[in-house]
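# Secondary and tertiary structure notes
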Amino acid sequence: MAITAELKNVTKRYADKTVLENLNLQIQDGEILALLGPNGSGKTTILKILALIENPTGGELKIMGETVTAKNAEKMRLLTSLVFQKTTVFTTSVYNNVAYGLKIRKFPRELLDSEVKKALKLVKLDGFENRPARKLSGGEQQRVAIARALVLKTKLLLLDEPTANLDPSNAVVLEEVIATVNRELRTTIVMATHNMFQAKVLPNRIALINEGRITEIGAPPEVFSKLSKSLVSFAAMDNTYKGKAHASGEGTTIVEVGNGVRVEITGQHEGDVSIFVNPQDIIVSRSTVESSARNVFKGIVTEIADLGSLVRLRIDIGRLFTVQITKRSFDKMGFNLGAEVFIAFKASSVLVV
Amino acid sequence: MVDIIGGILKALQLIVTGDPTLYGIVYRSLLFSGVAIVLAALWGTPIAMLLSLREFRGKSLVKAFFNSLIGIPTVVLGLVLYLILSNGGPLGFLGLLYTPGAIILGEAILVTPILVSITYSAIEAVDPEIMNLAKTLGANESQASIAVLKEAINGVILSNIASFNRAVAELGVALLVGGNIAGLTDVLTTAISRYTARGELDLAIALGIILMVIVFLINAIVIMARKARWLLTIWRRSPSWIEPSP
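No experiment lies behind these values; they were computed from the predicted model shown.

When helices and strands are tallied, chain B shows 12 helices and 0 strands. Ordered by position from N to C terminus, the α and β elements of chain B give α-α-α-α-α-α-α-α-α-α-α-α. With respect to the three principal axes, the spread of C-alpha positions in chain B is 65 × 60 × 30 Å. Scored against the burial criterion, the 246 residues of chain B give a buried share of 44%. Only carbon and sulfur atoms are counted for the fraction: they give 72% of the accessible area of chain B, which is about 12700 Å². A gap of 4 Å separates the mean positions of the 16 positive and 14 negative side-chain charges of chain B.

See the structure below:
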């Protein structure tokens, strides 16, 4: 299988911090590779090096078989595009945003309109051409950013946490787009994520990144089967817990994750397991709500972080849970630090890894 | 008192009848200041881009230098330039003294600190990721810098307008290196001082009124341009109720 890009013994150091250490990674033609790891593990740095906007301190980078040097970097940069986690748009219309890279590439003017239209259609933003990009919602801006990268049809597409700051409906649109582009255009995609659900479904391969090293790499089932072992190093990852499982006999399993927190999950499991709960699948409320959710816990809000259209809360129920809710519901509920709240999630929202 | 009222009436008459002496002065003022701003922008914008987008030793010193020169007294700058451009000075051989070229050069130098300072502040206020964003879309260094400059366009326009205001209203440089030669190097401010000194108050008042009108007009244009942008945004956002539906 041909190699689209390759990092050989790549090291990246900032003034006093080593972010990547002798990293070796081959990106295969036409694959979706997910970089999975906690915040600060080096995922973004790998993407920035692949996008040629960050120079490695040591090592070699090859794209399409050619070694990147200071001389050819500007030319090689045309082979990749990167979508940032934090969406940035140019202060101009959606059309001009999407057309920017094509204009840089001196794309024939008469074909520009139709290419931009096609890209906007793909992210379900048809008809948005003349809108000022800055006035769009966070989710829509992120879709503009994706369209702006897709329209270039680069061999290598790099996505940094493409759905992290999106509400679920926008996230679904994006996941579809990623799959479509990979299937139909054979675009090679490298995406950083810390959403385990996404990592299990979308990619052909997963690379587990921790402290600037790749700890595991392979097909998702293969990596997930080994994940329990290397999970210790993933303690920093949101909503990932190690615990002891006991089958309950009703087709579900109880996992004790410590401090008296017992999480109910679907399926029969015994012994040591690791579980992950998607922050977007957790419901927060002021009082206990009658629902079908099997897991309901009382806790205290210990952190509130503004992510644009979403708000991330950390809730201590004995173990720390991360929850993502939309800004609108956050404003409506009026949570504050130290507030007593209830969290609830379904047994089927828990992933056993 | 009668003198003043009479002067104002005569001034208005000169303005309305299109007095050639008066409008010659206005024309030169606008032309010299306009060309000076173009010159200052040509060298000042790249300096501002360097100061905001590149890291180098002594950068804060350079910034402090430009900042401190914003308020330089025009007479002092005029004197320095006079010494440089006069026959005995290092650039005397150019023969620029008492020519329009000297005024243009002097005003361009005068406004460079304002232009540089406002422009680099505007560029620094741009989201630092814009540079990287442009690069990930294929831009080279200079294309990416231009993308950043475009984001700062409001500030860049403001810097040019503020510079023009300063240039058109300054007296010291135009007087000392231009020589205030009637019909050749006299501009609004120097002509006002000359006609006032000579007691030809009607011309002085007329010129004063025009100078004020120019300064007000520039500010009005800026405000209107902002409004127009806003209207344009509204129009773009809701094309359905402005454009006739098919």
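Still more to cover.
Our focus in this paragraph is the overall build of chain A. Along the backbone of chain A there are 9 helices and 20 strands. Projecting the C-alpha coordinates of chain A onto the three principal axes gives extents of approximately 65 × 45 × 40 Å. With 353 residues in all, chain A has 54% of them scored as buried. By element, 50% of the accessible surface of chain A is carried by carbon and sulfur atoms, the whole surface being about 15500 Å². Once the 46 positive and 37 negative side-chain charges of chain A are each reduced to a mean point, those two points are 5 Å apart.

Take helix H8 (residues 153-169) of chain B next. The first and last C-alpha atoms of H8 of chain B sit 24 Å apart over 17 residues, in line with the 24 Å expected at 1.5 Å per residue. When H8 of chain B is considered as a whole, its buried residues turn out to be Gly 155, Val 156, Ser 159, Asn 160, Ile 161, Ser 163, Phe 164, Asn 165, Ala 167 and Val 168 of chain B.

As a further point, take a nonpolar patch on the surface. A surface patch of nonpolar side chains, about 440 Å² in accessible area, is lined by Ile 4, Ile 5, Ile 8, Leu 9 and Leu 12 of chain B. The topology assignment puts Leu 9 of chain B in helix H1 (residues 2-17).

What follows covers empty space enclosed by the protein. One pass over the structure, following the stated rule, counts 1 cavity of 30 Å³ or more. There is about 50 Å³ of room inside the largest cavity. Lining the largest cavity, in full, are Leu 82, Val 83, Phe 84, Lys 86, Thr 87, Thr 88, Gln 142, Ala 145 and Arg 148 of chain A together with Leu 133 of chain B. Mapped by element, the contributors of at least two residues to the lining of the largest cavity are strand E6 (80-83) and helix H5 (138-150) of chain A. The element best represented in the lining of the largest cavity is H5 of chain A, accounting for 3 residues.

Bringing the interface of chain A and chain B into the picture now. Between chain A and chain B, the contact holds 27 residues from the first and 19 residues from the second. Between chain A and chain B, the buried area comes to about 2000 Å², and carbon and sulfur atoms account for 60% of it. The interface formed by chain A and chain B holds 2 salt bridges in total. The partner of Glu 151 of chain B in a salt bridge is Arg 134 of chain A, with the nearest N and O atoms 3.7 Å apart. Our enumeration of links across chain A and chain B arrives at 5 residue pairs in polar contact (both at pLDDT 80 or more). Counting residues per element, the ones that place at least two in the side of chain A that touches chain B are E6, helix H3 (94-104) and H5 of chain A. Residues of the side of chain A that touches chain B, tallied by class, amount to 12 nonpolar, 6 polar and 9 charged.

Quick look at the sheet that holds strand E11 (residues 240-247) of chain A now. Residue and element names in this part refer to chain A. Strand order in the open sheet formed by 5 strands is E13-E12-E11-E14-E20, and the pairing between neighbours is antiparallel. Two strands in the sheet have a free side with no partner beyond their single neighbour: strand E13 (262-266) and strand E20 (350-352). Taken over all neighbouring pairs, the strand axes of this sheet differ in orientation by 45 degrees on average, direction set aside.

Residues and elements named next belong to chain B. Where helix H2 (residues 20-53) meets helix H3 (residues 59-69), the closest approach of the two axes is 10 Å, and the angle between their N-to-C directions is 135 degrees. When the axes of H2 and H3 are compared, the pair comes out oblique. Crossing geometry of H2 relative to H3 is assigned as left-handed. Contacts from Ile 47, Leu 51 and Ser 52 of H2 reach H3 at Lys 59, Val 62, Lys 63 and Phe 66. For the contact of H2 with H3, a count of residues per class yields 4 nonpolar, 1 polar and 2 charged.

Now for the nonpolar core. Within the largest apolar cluster, 97 residues are counted, with the highest numbers of intra-cluster contacts made by Leu 7, Leu 35, Ile 46 and Val 98 of chain A. Of all the elements, H3 of chain A adds the most residues to this core, at 7 residues. Other than its neighbours up to four places away in sequence, Ile 46 of chain A contacts Leu 7, Leu 20, Leu 23, Leu 25, Leu 35 and Ile 209 of chain A. In terms of nonpolar packing, the next biggest core, distinct from the first, is built from 33 residues, Ile 37, Ala 174, Ile 210 and Val 222 of chain B among them.

All names here are of chain A. Turning to its location among the elements, Gln 141 is positioned in helix H5. The exposure class assigned to Gln 141 is buried, which follows from its relative accessible area of 13%. Each residue touching Gln 141, except ones within four places of it in the same chain, is listed here: Thr 87, Val 89, Ala 133, Arg 134 and Leu 136.

What follows concerns the packing of aromatic side chains. All names here are of chain A. What the rule picks out here adds up to 6 aromatic pairs over all chains. Between Phe 90 and Tyr 100, the ring centres sit 4.7 Å apart and the planes meet at 40 degrees, which makes this aromatic pair tilted. Taken together, the residues span a long stretch of sequence, with Phe 90 in the loop between E6 and H3 and Tyr 100 in helix H3 at a distance of 10 residues. Like Phe 90, the residue Tyr 100 is buried in the burial classification. With a centroid separation of 4.7 Å and 25 degrees between ring planes, the pair formed by Tyr 241 and Phe 321 is classed as stacked. Here Tyr 241, found in strand E11, pairs with Phe 321, found in strand E18 (residues 320-326); they are 80 residues apart in sequence, far enough to count as distant. You'll find Tyr 241 and Phe 321 in the same group, each marked buried. Taken together, the ring pairs connect Tyr 241, Phe 297, Phe 321 and Phe 345 into an aromatic cluster.

Another point: unusual backbone geometry. Residue and element names in this part refer to chain A. The phi dihedral of Met 64 falls on the positive side, at around 50 degrees, and the residue is not glycine. On the secondary structure map, Met 64 appears in the loop between strand E4 (58-63) and strand E5 (66-67). With a phi angle near 50 degrees, Lys 153 is a residue other than glycine that sits in the positive phi range. Relative to the helices and strands, Lys 153 resides in the loop between H5 and strand E7 (156-160).

For the rest of this paragraph, the subject is the pattern of salt bridges. Side-chain pairs of opposite charge can arise where the charged atoms are in close proximity. Tallied over the full model, the rule gives 25 salt bridges over all chains. Between Arg 205 of chain A and Glu 31 of chain A there is a salt bridge; the shortest N-O distance is 2.7 Å. With a gap of 174 residues between them, Arg 205 of chain A in strand E9 (residues 205-210) and Glu 31 of chain A in the loop between strand E2 (17-28) and strand E3 (32-36) connect regions that are remote in the sequence. Considered together, Arg 205 of chain A and Glu 31 of chain A belong to a single accessibility category, that of buried residues. In this structure, Arg 194 of chain B and Asp 186 of chain B form a salt bridge, with 2.8 Å as the shortest nitrogen-oxygen distance. The network of salt bridges with shared partners includes Glu 115, Lys 118 and Lys 153 of chain A.

Criteria and cut-off values
Residues numbered from 1 in each chain as written. Chains lettered and ligands numbered in written order. Predicted model: local features only at pLDDT ≥ 70, side-chain atom pairs only at ≥ 80, totals over all residues. Heavy atoms only, no water. Helix = DSSP H or I, 4+ residues; strand = E, 2+ residues; numbered from the N terminus. Buried < 20%, exposed > 50% of the residue type's maximum accessible area, 1.4 Å probe, protein only. Areas by Shrake-Rupley, 256 points an atom, 1.4 Å probe, with all protein chains shown as cover. Lys, Arg positive; Asp, Glu negative; His and termini not counted. Charge placed at Lys NZ, Arg CZ, Asp CG, Glu CD. Expected span 1.5 Å × (residues − 1). Patch = residues over 30% accessible without salt bridge, like charges linked within 9 Å, V, L, I, M, F, W, Y side chains within 5 Å. Salt bridge = Lys/Arg side-chain N within 4 Å of Asp/Glu carboxyl O. 1 Å grid on protein atoms, 1.4 Å probe; cavity = no way out; pocket = protein on both sides within 12 Å on 5 of 7 lines; lining within 4 Å. Points joined across faces, edges and corners; volume = space filled by probe spheres on them. Contact = heavy atoms within 4.5 Å. Buried area = accessible area lost by both parts, 1.4 Å probe. Polar contact = N/O pair within 3.5 Å; in protein donor to acceptor, adjacent residues only side chain to side chain. Nonpolar A, V, L, I, M, F, W, Y, C, P; charged D, E, K, R; others polar. Pairing = 2+ DSSP bridges. Axes fitted to C-alpha atoms, helices over the stretch in contact; angles between N-to-C directions. Parallel < 35°, antiparallel > 145°, perpendicular 65-115°, else oblique. Left-handed = near helix turned anticlockwise from the far one by under 90°. Core = buried A, V, L, I, M, F, W, Y, C linked by side-chain atoms within 4.5 Å. Phe/Tyr/Trp six-rings, centres within 6.5 Å; stacked < 30°, edge-to-face > 60°.

Read these as geometric descriptors, not functional statements.
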